[in-house]
Each structure stands twice: as structure tokens, then as C-alpha cells.
Amino acid sequence: MPESVIAEHRNLGIAFYKAKMYSDAAREFRRITELRASDASASFYLGLIALREARWNDAAGFFQRAAVSAPRASAVLVNMSYAYERLGQLEKARIALEQVVTRASRPEPLAYLGLASLALQRGDLDVASSALASARSAWGGTAPPASWFHYAGLEAAMRGDPEGAAGILSEGVARYPASAVLLNNLSVAQEACGNFDGAREALDLAVQTDCAMPQLYRNLGDSLGRQGRAAEAQAAYQRAAAASATAAR
């Protein structure tokens, strides 16, 4: 098959993918795999599309196929691990990330961040702490993403250190002020520290974001209820119920 034909389908597929036209993108990448079954890039993009559509089994299968032709591709293994994690196959997810750590030519921060997430799910706080430190070091002078602050704050909270969690999350909010997840977690940490004004301030900022996270409104309802503002608390709980119903659809 002439390379020009493969390239045409690939370019169209990438253009559709960037435009979030996933069904059209998948059609082009499937055509490539029909013409060249060993094409790792096409399988990789099909895996990404499956992830975006929450088809975790399909995603894992596509990334496995890509890994056969590109066994040292960190992006393939990191995304494969995420698919396994969503399937609840945490050991397979860990093995995929460990391969990135041992094979990559340079430290891959997302692999360490994934290992931290898996360790937290197991309750292995020492492994999580080490992985988080390695991830931040691998990012060098670049600020880590909001997810790093989320996991680092969670690790501190699980150690029974709400002050440490609040400090980490405050740094994260300073860098990512529109992150509803960080603001919600900061509110919980501040409340655990007895800083109820700070907790309410974080919640007020969180509800101004575009995030419709049910837990956020449940926490807001609890906060309003403790202040004796029953009607406002009830409205917050109704928003939480509506957000949960939307997420379930």
C-alpha cells in the first residue's frame, strides 16, 4: 500500500480528532488498520477515541495492539494503564506504568502520577508519597498539573494531616483558580483544620466555576445547614441531585 494513501487517511483522522469529530476520525483510523494491521499510530488514536467515549475494554485492546508495534512508546502504556484502571484492573495498570518507568529514556511524570493514584487506591501512602515526589521532580521547573495537587492533598489527608493537605491544595488553587475539584478539596481540608470561614470561601469560589460536581453542592449544603440557612442548604442539595442525575445519563 503506497505510503501516500496511509498518510491521507492519517491526516484526515488527526484533523477529525482535533475537531472532536470522533466517529469520522475512527473511520479513517480503522481504514488504516485494514490496510496496515501493524500501524501503531492508528491503533493508538482508536484507543484515545475509545477513552473519550468511555469504552474502556475497547481502549485497552487498541492500546495493546499499538504496544505490539511500539513497545517502548510511553504514551501508549500510560493510556493503557488508565484504561485498565477504569476497568478496575489495578495490577495490570501498575505493570504498564512500571514498564514506562523502567524503559523510558527520561523520567515520565505522568507514569509516576499514575503510580501515585494506584498506590492511594491501595492505601499504600509511602509508595504514593515517593511517586508524587518523583513526578514533581520529573516536571522540573514546570508547575505540575492540577491533578498532582489533588493526589498530593489526598495523600496528606489520608495521613491525618489536614494542615498539610490545606497547604498543598492552597498552592494548587493559586495556580489553578478555576479547578472546582481543588477548591472543593481545599474546603474539606480547611474545615478539618477548624477554618470554617476559609472552607466556605473555597466553596463559594468553586460554585462559580463551570463544574457541575455533585459532591461540591452536597458540601455546600452541609456548610449552609450548619449555619442554620436551611432554605439555601436545601437548594444546594437539589443542585447536587440534579448534577448526579445529569452525570448518570
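See the structure shown above.
The rules behind these values
Residues numbered from 1 in each chain as written. Predicted model: local features only at pLDDT ≥ 70, side-chain atom pairs only at ≥ 80, totals over all residues. Heavy atoms only, no water. Core = buried A, V, L, I, M, F, W, Y, C linked by side-chain atoms within 4.5 Å. Buried < 20%, exposed > 50% of the residue type's maximum accessible area, 1.4 Å probe, protein only. Helix = DSSP H or I, 4+ residues; strand = E, 2+ residues; numbered from the N terminus. Contact = heavy atoms within 4.5 Å. Axes fitted to C-alpha atoms, helices over the stretch in contact; angles between N-to-C directions. Parallel < 35°, antiparallel > 145°, perpendicular 65-115°, else oblique. Left-handed = near helix turned anticlockwise from the far one by under 90°. Nonpolar A, V, L, I, M, F, W, Y, C, P; charged D, E, K, R; others polar. 1 Å grid on protein atoms, 1.4 Å probe; cavity = no way out; pocket = protein on both sides within 12 Å on 5 of 7 lines; lining within 4 Å. Points joined across faces, edges and corners; volume = space filled by probe spheres on them. Salt bridge = Lys/Arg side-chain N within 4 Å of Asp/Glu carboxyl O. Expected span 1.5 Å × (residues − 1).

A.B. asks: Can you tell me about the nonpolar core, naming the residues and giving the values?
C.D. replies: Counting residues in hydrophobic clusters, the biggest one holds 65 residues, and the most contacted among them are Phe 29, Phe 63 and Trp 148. Take this core: its biggest share by element is 9 residues, from helix H3 (residues 40-52). The contact partners of Phe 63, leaving out residues within four places of it in the chain, are Phe 44, Gly 47, Leu 48, Leu 51, Val 76, Asn 79 and Met 80.

A.B. asks: Tell me about the packing of helix H11 (residues 180-192) against helix H12 (residues 196-206), and please be specific about residues and values.
C.D. replies: Where H11 contacts H12, the two axes come as close as 7 Å, and the packing angle between them is 165 degrees. Overall, the two elements H11 and H12 adopt an arrangement that is roughly antiparallel. Both H11 and H12 take part in a crossing whose hand is left-handed. Judged by residue contacts, Ala 180, Leu 183, Asn 184, Leu 186, Ser 187, Gln 190 and Glu 191 of H11 engage Phe 196, Gly 198, Ala 199, Ala 202, Leu 203, Leu 205 and Ala 206 from H12. For the contact of H11 with H12, the class distribution of residues is 9 nonpolar, 4 polar and 1 charged.

A.B. asks: Just give me the short version of the layout of surface pockets, but keep the residues and values in it.
C.D. replies: The method is simple in principle: a probe with the dimensions of a water molecule rolls over the atoms, and the space it marks as empty is what remains. Estimates place the volume of the largest pocket at around 320 Å³. In terms of lining residues, the largest pocket is bounded by Leu 51, Val 78, Asn 79, Ser 81, Tyr 82, Glu 85, Leu 97, Leu 110, Leu 113, Gly 114, Ser 117 and Tyr 151. Taken together, the elements giving at least two residues each to the lining of the largest pocket come down to helix H5 (74-86) and helix H7 (109-122). Looking at the lining of the largest pocket, the element that brings in the most residues is H5, giving 5 residues. A per-class count over the lining of the largest pocket returns 7 nonpolar, 4 polar and 1 charged. Computed from the structure, the second largest pocket encloses a volume of approximately 180 Å³. The wall of the second largest pocket is formed by His 150, Gly 153, Leu 154, Ala 157, Asp 161, Pro 162, Ala 165, Leu 169, Asn 185, Val 188, Ala 189 and Ala 192. Among the elements of the structure, helix H9 (146-158), helix H10 (162-175) and H11 are those that each provide at least two residues to the lining of the second largest pocket. Its residues assigned to classes, the lining of the second largest pocket comprises 8 nonpolar, 3 polar and 1 charged.

A.B. asks: With reference to specific residues and values, describe the pattern of salt bridges.
C.D. replies: Overall, the coordinates contain 16 salt bridges when judged by the stated rule. Among the ionic pairs, Glu 28 bridges to Arg 27, the shortest N-O distance being 3.3 Å. Relative accessible area serves as the criterion here: at 8%, Glu 28 is assigned to the buried category. The class for Arg 27 is partly exposed, based on a relative accessible area of 41%. Across the salt bridge formed by Arg 159 and Glu 155, the nearest N and O atoms sit 2.2 Å from each other.

A.B. asks: Can you explain H7? Please cite residues and give values.
C.D. replies: Between its first and last C-alpha atoms H7 spans 20 Å; for 14 residues at 1.5 Å apiece the expected length is 20 Å, and the two agree. Along H7, 11 of the 14 residues are buried, which leaves the element largely enclosed by surrounding structure. Among the residues making up H7, those that are buried are Pro 109, Ala 111, Tyr 112, Leu 113, Gly 114, Leu 115, Ala 116, Ser 117, Leu 118, Ala 119 and Leu 120. Each element contacted by the buried residues of H7 is listed here: H5, helix H6 (90-103), helix H8 (125-139) and H9. Positive backbone phi, at 80 degrees, marks Gly 123, one or two positions downstream of H7.

A.B. asks: Help me get a handle on unusual backbone geometry, residues and values and all.
C.D. replies: If you check the backbone angles, Lys 20 has positive phi at about 65 degrees while not being a glycine. Considering the arrangement of structural elements, one finds Lys 20 in the loop between helix H1 (3-18) and helix H2 (22-35). In this structure, Ala 54 is a non-glycine residue whose phi angle is positive, near 60 degrees. Mapped onto the fold, Ala 54 is located in the loop between H3 and helix H4 (56-69).

A.B. asks: Give a detailed account of H12, specifying residues and quantitative values.
C.D. replies: Within H12 the residues assigned to the buried category are Gly 198, Ala 199, Arg 200, Ala 202, Leu 203 and Ala 206. Tucked inside the fold, the buried residues of H12 contact H11 and helix H13 (214-226).

A.B. asks: Give me the environment of Ala 241: which residues, what numbers.
C.D. replies: Tracing the chain through its elements places Ala 241 in helix H14 (residues 230-248). When the C-alpha atoms of Ala 241 and Leu 12 are compared, they prove to be 41 Å apart, with 229 residues separating the residues in sequence.

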